[in-house]
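# Observations on the model geometry
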Amino acid sequence: MQGSCCGTAIFSELRCNSVWRTVLHLILLSLLCAAAITFAQGMRIVPEIRTVVDGFFNTFGGVRGNEGSLIPVSDPGRARTFDFSPDGGRIFYFPSTPDGIVISDQELQLLKLGVIWLPRQVVYLFHDAGSDFWRTMAQKRSGVLEFGRYTTAELKMFLADLKEPAVSADSDGEAMVELTRNGGLRTMEVMFALVVFVWNFLAVFWVAVLYTTLFALVFRFTGGGRLQSLTFGEFWKIGIYAGFPVMLFAGCFPAFDLPFFRYSTVFMVGLMIYWLLIVGRIERAGAGPGRGESNE
């Protein structure tokens, strides 16, 4: 009982944190969790990563680039695709897109993680499992990152607007640096690991934000009137923090490829149980110290 009381007291203090501090804590733990998942996956699938990297060099011959463009070493004027994951991971290379990009509905249905490789930018497509939504991250050659979230119909319009002319082999006369199989195997392994890390971070962070926000809103309109000691904002912040230990436990499923359950399913069930347990104890204990105050 002592441990339970101490745990409730911690959440009573955490609910007074500002929204920005709460979100910052969520980002930091999501980074840590994504790094741990990626590390465990890497230890388990290093041979698969090396096979993927070898296939990349077989398909593109390597990478040649400078500040202005990034193109394949072999036959840079030919469009092609490369499947780097049997679970729906594909690279689409386009030497130019004067009329935009068109990806068929059939390809999009099978795609989970897509990489649109254009000479002047790389666009990552992340499909939210079980939904019609896509998240995008466009990496410009200038170093600028642009993020977006689209439905499938909106994604097609976004891709249609990605119009680029072809680039010459010397690209504005600047020296081109090549990354080939002999000197770039390790670099490509690191690059693929970074892509997996970004995917894991976005998945972990987005699942936490989505489920806590949706459940808080549903509870607000269906049972929120029963709250005596908590405001809606405090209820949501407790949900964020209640998800932290659940996040670490759920991360074991993708990290070690455990069967039967997905990360999102384990997180959702664990979050609901632990969140309502904590809220119930706080409600029974009364208002507690510091209601309405904010720890900036």
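Owing to the predicted nature of the structure, the values given are computational and were not obtained by experimental measurement. (Residues numbered from 1 in each chain as written. Predicted model: local features only at pLDDT ≥ 70, side-chain atom pairs only at ≥ 80, totals over all residues. Heavy atoms only, no water.)

So, about the overall build of the protein. Across its full length, the protein carries 8 helices and 9 strands. In the protein, which comprises 296 residues, the proportion classed as buried is 43%. If you take every contact in the protein between residues at least 6 apart in sequence, the share linking residues at least 24 apart comes to 63%. Of the roughly 15,700 Å² that the protein leaves accessible, carbon and sulfur atoms contribute 63%. (Helix = DSSP H or I, 4+ residues; strand = E, 2+ residues; numbered from the N terminus. Buried < 20%, exposed > 50% of the residue type's maximum accessible area, 1.4 Å probe, protein only. Contact = heavy atoms within 4.5 Å. Areas by Shrake-Rupley, 256 points an atom, 1.4 Å probe, with all protein chains shown as cover.)

The subject of this paragraph is the packing of helix α2 (residues 19-60) against helix α6 (residues 232-250). Interaxial distance between α2 and α6 falls to 10 Å at its minimum, and their mutual angle equals 10 degrees. When the axis of α2 is compared with that of α6, the two are roughly parallel. Taking contact as the criterion, the partners of Val 19, Arg 21, Thr 22, Val 23, His 25, Leu 26, Leu 29, Ser 30 and Cys 33 in α2 are, on α6, Trp 236, Lys 237, Ile 240, Tyr 241, Phe 244, Met 247 and Leu 248. Counted by class, the contact of α2 with α6 contains 11 nonpolar, 3 polar and 2 charged residues. (Axes fitted to C-alpha atoms, helices over the stretch in contact; angles between N-to-C directions. Parallel < 35°, antiparallel > 145°, perpendicular 65-115°, else oblique. Nonpolar A, V, L, I, M, F, W, Y, C, P; charged D, E, K, R; others polar.)

Let us now look at unusual backbone geometry. Glycine aside, a negative phi is what most residues show, and trans is what most peptide bonds show. Phi angles above zero are rare outside glycine, and Asp 257 is one such case at about 55 degrees. Position of Asp 257 among the secondary structure elements: in the loop between α7 (252-255) and α8 (263-285). Given the relative accessible area of 55%, Asp 257 is considered exposed. For Phe 260, which is not a glycine, the phi torsion comes out positive at approximately 80 degrees. Tracing the chain through its elements places Phe 260 in the loop between α7 and α8.

With that settled, the discussion passes to the packing of α6 against α8. Where α6 contacts α8, the axes come no closer than 8 Å and their chain directions differ by 135 degrees. Classified by the interaxial angle, the pair formed by α6 and α8 is oblique. When the axes of α6 and α8 are compared, the crossing they make is right-handed. Between α6, through Phe 235, Trp 236, Ile 238, Gly 239, Ala 242, Gly 243, Pro 245, Val 246, Met 247, Phe 249 and Ala 250, and α8, the contact on the second element is made entirely by Tyr 263, Val 266, Phe 267, Gly 270, Leu 271, Tyr 274, Trp 275, Ile 278, Val 279 and Ile 282. Residues belonging to the contact of α6 with α8 are distributed by class as follows: 18 nonpolar, 3 polar and no charged. (Left-handed = near helix turned anticlockwise from the far one by under 90°.)

Under the counting rule described, the total for this entry stands at 6 salt bridges. The salt bridge partner of Asp 83 is Arg 90, with a shortest N-O separation of 2.5 Å. Put simply, Asp 83, Arg 90 and Glu 107 are held in one network by salt bridges that share partners. (Salt bridge = Lys/Arg side-chain N within 4 Å of Asp/Glu carboxyl O.)

Considering the arrangement of structural elements, one finds Phe 39 in helix α2. With 158 residues separating them in the primary sequence, Phe 39 and Phe 197 have C-alpha atoms 8.7 Å apart.

Soluble globular proteins: nonpolar side chains tend toward being buried together. In this structure, Phe 235, Ile 238, Met 247, Phe 267 and Trp 275 are the most contacted members of the largest nonpolar core, which totals 35 residues. Taken together, the elements giving at least two residues each to this core come down to α2, α5 (181-222), α6, α7 and α8. With 10 residues, the single largest contributor to this core is α6. Contact partners of Phe 267, with chain neighbours within four places excluded, come to Val 207, Ala 208, Tyr 211, Gly 243, Val 246, Met 247 and Ala 250. Judged by nonpolar contacts, the second largest core, of 25 residues, contains Ala 34, Ile 49, Val 53 and Ile 71. (Core = buried A, V, L, I, M, F, W, Y, C linked by side-chain atoms within 4.5 Å.)

Within the secondary structure layout, Val 122 lies in strand β6 (residues 121-127). With 52 residues separating them along the chain, Val 122 and Leu 70 place their C-alpha atoms 9.1 Å apart. Discounting residues that sit within four places of it in the chain, Val 122 has contacts with Val 115, Ile 116, Trp 117, Met 137, Ala 138 and Gln 139.

Glancing now at the state of the cysteines. The tally for this structure, following the rule as stated, stands at 0 disulfides. Of all cysteine sulfurs, the one in Cys 33 lies closest to Cys 252, which takes part in no disulfide; the gap is 8.4 Å. (Disulfide = S-S within 2.5 Å.)

If you walk across this open sheet you meet the 6 strands as β3-β4-β5-β6-β7-β8, and the pairing is mixed. Every other strand in the sheet has two partners, leaving β3 (80-85) and β8 (145-151) as the edge strands with one partner each. Direction aside, neighbouring strands of the sheet carry axes that sit 15 degrees apart on average. For strand β4 (residues 89-93) and strand β5 (residues 113-118), the ladder comprises 5 bridges, and the chain directions are parallel. Bridge assignment links Phe 92 to a residue of β5, and that residue is Ile 116. Where α2 meets the sheet, its contacts fall on β3, β4 and β5, and the angle it forms with β3 comes to roughly 175 degrees. In this fold helix α4 (residues 152-160) packs onto β5, β6, β7 (133-140) and β8, with an angle of close to 135 degrees to the strand it touches most, β8. (Pairing = 2+ DSSP bridges.)

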